[in-house]
Every structure is written in structure tokens, then in C-alpha cells.
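# Architecture and fold: a report
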Amino acid sequence: MSSLRIALTKGRLEKQTVELFEKMGLDCDELKNKGRRLILKANDYEVVLAKAADVITYVEHGVCDIGIVGKDTIVENGKSFYEMTDLNLGKCDFALAVKKGTNFFDGFNTKRVASKYPNITKAYFESKGMDVKIIKIEGSVELAPLLNLADGIVDIVETGTTLKENGLEVAEKIMPVSARVIVNMASMKLRREEIDEFLKKIDSVKPQ
Ligand code: PRP
């Protein structure tokens, strides 16, 4: 049978995930010296490196059996897969942030909120019964209030350094975020034993 294929989120989560794979006893030489290659071997597993939202797409379409991706991307994009394990890695928070010293909730005008996560932003303000204008931004969302494009941002905050260095602060925390293991629904039926074995191994080495 072919190797189980695992989609791994590149960037932010990559290093910590590779460290976890090493603790599982996997040979991570290719992953650590990948150059520009995108498909790599780790023992019997084939590892694909992709952007977070694409990890979900590959797992949903069944071209990857397993994915490792942040809860932020799951809540924003996720639909049909099994979310199996919280890896306790890449811990951060979704938060509403504003320019230091301003009160987002003051006044009666419709507020403008910039985010890479329009669905989460919409759900958050709906839960507050607040009508806001959402502006989709692709990266460095912190720029939007600085340029007066938005009154606030909804984004992930890890160390808080980006906010601090740009004169912004958290107005309200929305929800905690961390990396999760997701599994394709058909793979779960067809390759249960191999998937269980992977999950058991990763569970035994993840931070508790
Ligand atoms: C994320 C997030 C914040 C920053 C938070 O961006 O969107 O900008 O990290 O981290 P901190 O609290 O530790 O400063 P990322 O680095 O993923 O880049 P991007 O916004 O340009 O996509």
C-alpha cells in the first residue's frame, strides 16, 4: 500500500511539528534540509508542506490523509474532516486589537474591522449583536488601523510583540488557538490502523 501522506503547515508551525516528528522517532533529515522541495519522506510517511488553508483543502479532498494545522484556520475554513488531537503547539489567541488608548466600543458609528479571518470576525460580532464592516486583509493586518483603514483588527496574538511595536493593544480576547491533527474522513475508514498508530505516537510525545 502507498505511504500515508501528511500535510504539514509551513512557516510558524513547521519547526515545532518537525521537532515532534523527531520525538516520534521519525527520520527528519529531508524535512530539515528540504531546500525548495515540497514533498518529503519521513520514514514510511510522505510529508507535504503547504500553507495552512491548503492543508485543509488537501485533507478534505483526500489527497492527504492527515493534516497538521492551526485551530484558527480550521474555524475560518474547515468543514468536512475529523479533528482528532490538540497538539498543544503554536499556542496563541484570537483577539480584537485597537490603537493603544482607544475604545473600540465607544460611539454609535458602524465600526470597520480588518482581518485575515472574515468568517471568525463575522461570527464574533454577530455573537455580540454588533453590525460591523469587515475588510479582508491578506497579511500584516496591524497596518490597517495605523493607516486609518480600520477601527480595529481581529487577528492572532502570540507574544504580543507585533501589537506592541506598532502601538496597538488587545481590546478583547476571542478564543485560544493551537495546532490540531485533522484526518480525512475516508482515510479514517480505509486506513484506520495506520492512522491510529500515528495518532498514538504523536499523542505520546506532544507537550501535555
Ligand atoms: C501573525 C499575526 C500577527 C503576528 C502575531 O502574523 O497575524 O501579525 O503573527 O505574533 P506576535 O504576537 O508574536 O507578534 P504572521 O507572522 O503569521 O504574518 P502575516 O500577518 O504577515 O501573515
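Reference entry: report on the structure contained in this document. (Residues numbered from 1 in each chain as written. Predicted model: local features only at pLDDT ≥ 70, side-chain atom pairs only at ≥ 80, totals over all residues. Heavy atoms only, no water.)

### Looking at helix H5 (residues 118–127)
Rules: Think of it in three bands: residues with accessible area under 20% of the maximum for their type are buried, residues over 50% are exposed, and the middle band is partly exposed, with areas taken using a 1.4 Å probe on protein chains only. Numbered from the N terminus, helices here are DSSP runs of H or I no shorter than four residues, and strands are runs of E no shorter than two. By arc we mean the arc of the directions from the helix axis to the C-beta atoms, nothing more. Here a residue-residue contact requires only that any non-hydrogen atoms of the pair lie within 4.5 Å.
Inspection of H5 places Ile120, Thr121, Tyr124 and Phe125 among the buried residues, and these make up the whole buried set. Taken around the axis of H5, the buried residues stretch over an arc of 125°, which confines them to a single face. Looking at H5, the residues exposed on the side facing more than 90 degrees away from the buried face are Glu126 and Ser127. Check the buried side of H5 and you find it contacts helix H4 (71–77), strand S6 (92–99), strand S7 (111–115), strand S8 (132–136), strand S9 (152–157) and strand S10 (168–177). Following H5 by one or two positions, glycine 129 adopts a phi angle in the positive range, close to 65°.

### Some remarks on the sheet that holds strand S4 (residues 66–70)
Applied cut-off: At least two bridges found by DSSP between two strands are what make those strands a pair. Interaxial angles span 0 to 180 degrees and are taken between N-to-C directions of axes, which are lines fitted to C-alpha atoms, for helices over the stretch in contact.
Spatially, six strands are ordered S2-S3-S1-S4-S11-S5 in an open sheet, and the strand pairing comes out mixed. Every other strand in the sheet has two partners, leaving strand S2 (39–42) and strand S5 (82–86) as the edge strands with one partner each. Averaged over all pairs of adjacent strands, the angle between their axes in this sheet comes to 30°, without regard to strand direction. Two strands pair when backbone bridges link them, and S4 and strand S11 (residues 179–183) are joined in this way by five bridges, in the antiparallel orientation. By the bridge assignment, glycine 67 is partnered in S11 with isoleucine 182. Against the sheet, helix H3 (residues 52–60) makes contact with strand S1 (5–9), strand S3 (45–50), S4 and S11, and its axis sits at roughly 150° relative to S4, the strand it touches most.

### Overview of a nonpolar patch on the surface
Selection criterion: Patch rule: a residue counts if its relative accessible area is over 30% and it has no salt bridge; like charges are joined within 9 Å, and nonpolar side chains (Val, Leu, Ile, Met, Phe, Trp, Tyr) within 5 Å. Working definition of accessibility: Shrake-Rupley area with a 1.4 Å probe, residue cover restricted to the visible protein chains. Salt bridge criterion: a side-chain nitrogen from Lys or Arg within 4 Å of a carboxyl oxygen from Asp or Glu.
On the surface, Leu143, Leu146, Leu147 and Leu149 cluster together to form a nonpolar patch covering roughly 360 Å² of accessible area. On the secondary structure map, leucine 149 appears in the loop between helix H6 (143–146) and S9.

### Overview of the pairing of S4
Within S4, five of the five residues are buried, leaving the element largely enclosed by the surrounding structure. Side chains Ile66, Ile68 and Gly70 of S4 all project onto a buried face; the interleaved residues Gly67 and Val69 project onto the opposite face, where all are buried too. Bridge count for S1 against S4 is three bridges, and the pairing is parallel. Note on S4: the bridge partner recorded for isoleucine 6 is isoleucine 66.

### With respect to the site of the ligand
Quick note on the threshold: Think of it this way: one heavy atom of a residue within 4 Å of a molecule or strand is enough to make that residue near it. Whenever two N or O atoms come within 3.5 Å, that pair is a polar contact, provided that in protein one can donate a hydrogen and the other can accept it, and provided that, for residues adjacent in sequence, both atoms are side-chain atoms. Definitions used for this entry: grid spacing 1 Å over protein atoms alone; cavity, a set of points where a 1.4 Å probe fits but cannot get out; pocket, an open set with protein on both sides within 12 Å along at least 5 of 7 lines; lining residue, one with an atom within 4 Å of a point. A cavity or pocket is said to hold a molecule if more than half of that molecule's atoms lie within 2 Å of its grid points. Under the scheme applied, nonpolar residues are Ala, Val, Leu, Ile, Met, Phe, Trp, Tyr, Cys and Pro; charged residues are Asp, Glu, Lys and Arg; polar residues are all the others, including Gly.
Neighbouring the ligand are 13 residues; Arg12, Glu142, Asp155, Thr159 and Thr162 lie closest to it. Backbone polar atom of serine 140 to an oxygen atom of the ligand: 3.1 Å apart, as the coordinates give it. A distance of 2.6 Å is found between an oxygen atom of the ligand and a side-chain nitrogen or oxygen belonging to glutamate 142. Considering the ligand on its own, with 500 Å² of exposed area, one finds that the protein chains cover 73% of that surface. Taking a 2 Å distance to the grid points as the criterion, the majority of the atoms of the ligand fall inside the largest pocket. Those elements that place two or more of their residues in the shell around the ligand are S9 and helix H7 (161–165). Among the elements that line the shell around the ligand, the one with the most residues is S9, at three residues. Considering only residue class, the shell around the ligand consists of two nonpolar, six polar and five charged.

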